[in-house]
Amino acid sequence: MIVTRPKTIPCGFKAAFSKPDYAREWTAFGNQKRNPDHLINQATLDPDILVVRQDGMQTIYLRP
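Computed from a predicted structure; not experimentally measured.

1. A look at the overall build of the protein
Working step 1: From N to C terminus, the protein includes 1 helix and 5 strands.
Working step 2: What you see in the protein, going N to C, is helices and strands ordered as β-β-β-α-β-β.
Working step 3: For 64 residues, the compact-globule estimate of 2.2 N^0.38 gives 11 Å, and the C-alpha radius of gyration of the protein, at 11 Å, lies within 12% of that figure.
Working step 4: Each principal axis of the C-alpha atoms in the protein carries an extent, and together these give about 25 × 25 × 20 Å.
Working step 5: A total of 64 residues make up the protein; the buried ones form 31% of that total.
Working step 6: Sequence separation of at least 24 residues holds for 58% of the intrachain contacts in the protein that already meet a minimum separation of 6.
Working step 7: Taken as two groups, the 9 positive and 6 negative side-chain charges of the protein have centres that lie 4 Å from each other.

This is the structure in structure tokens:
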């Protein structure tokens, strides 16, 4: 799911990647198996992936 401004992140989701809008490279949290571009493409189909754009930051959350 791709969201622009969530009120809160649902329980069970953990941050996987984050980057400011002006940056090229993603910052990974932990050891991630998939790259962030693939996760963004899969977010429309997979309810376990949440992409959030808020205040100039883009963050990808995964449900473990």
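2. Digging into the side chain of Lys-19
Working step 1: Tracing the backbone through its elements, the reader meets Lys-19 in strand S2 (residues 14-20).
Working step 2: Buried charged residue Lys-19 carries no salt bridge. Nearest counter-charge: Asp-21, at 5.5 Å.
Working step 3: A polar contact is formed between the side chain of Lys-19 and the backbone oxygen of Ala-23, at a distance of 3.2 Å.
Working step 4: Look past the residues within four positions of Lys-19 in its chain and what remains in contact with it is Arg-24, Glu-25, Trp-26, Gly-56, Met-57 and Gln-58.

Criteria and cut-off values
- Residues numbered from 1 in each chain as written.
- Predicted model: local features only at pLDDT ≥ 70, side-chain atom pairs only at ≥ 80, totals over all residues.
- Heavy atoms only, no water.
- Helix = DSSP H or I, 4+ residues; strand = E, 2+ residues; numbered from the N terminus.
- Rg over C-alpha atoms; globule rule 2.2 N^0.38 Å.
- Buried < 20%, exposed > 50% of the residue type's maximum accessible area, 1.4 Å probe, protein only.
- Contact = heavy atoms within 4.5 Å.
- Lys, Arg positive; Asp, Glu negative; His and termini not counted.
- Charge placed at Lys NZ, Arg CZ, Asp CG, Glu CD.
- Salt bridge = Lys/Arg side-chain N within 4 Å of Asp/Glu carboxyl O.
- Polar contact = N/O pair within 3.5 Å; in protein donor to acceptor, adjacent residues only side chain to side chain.

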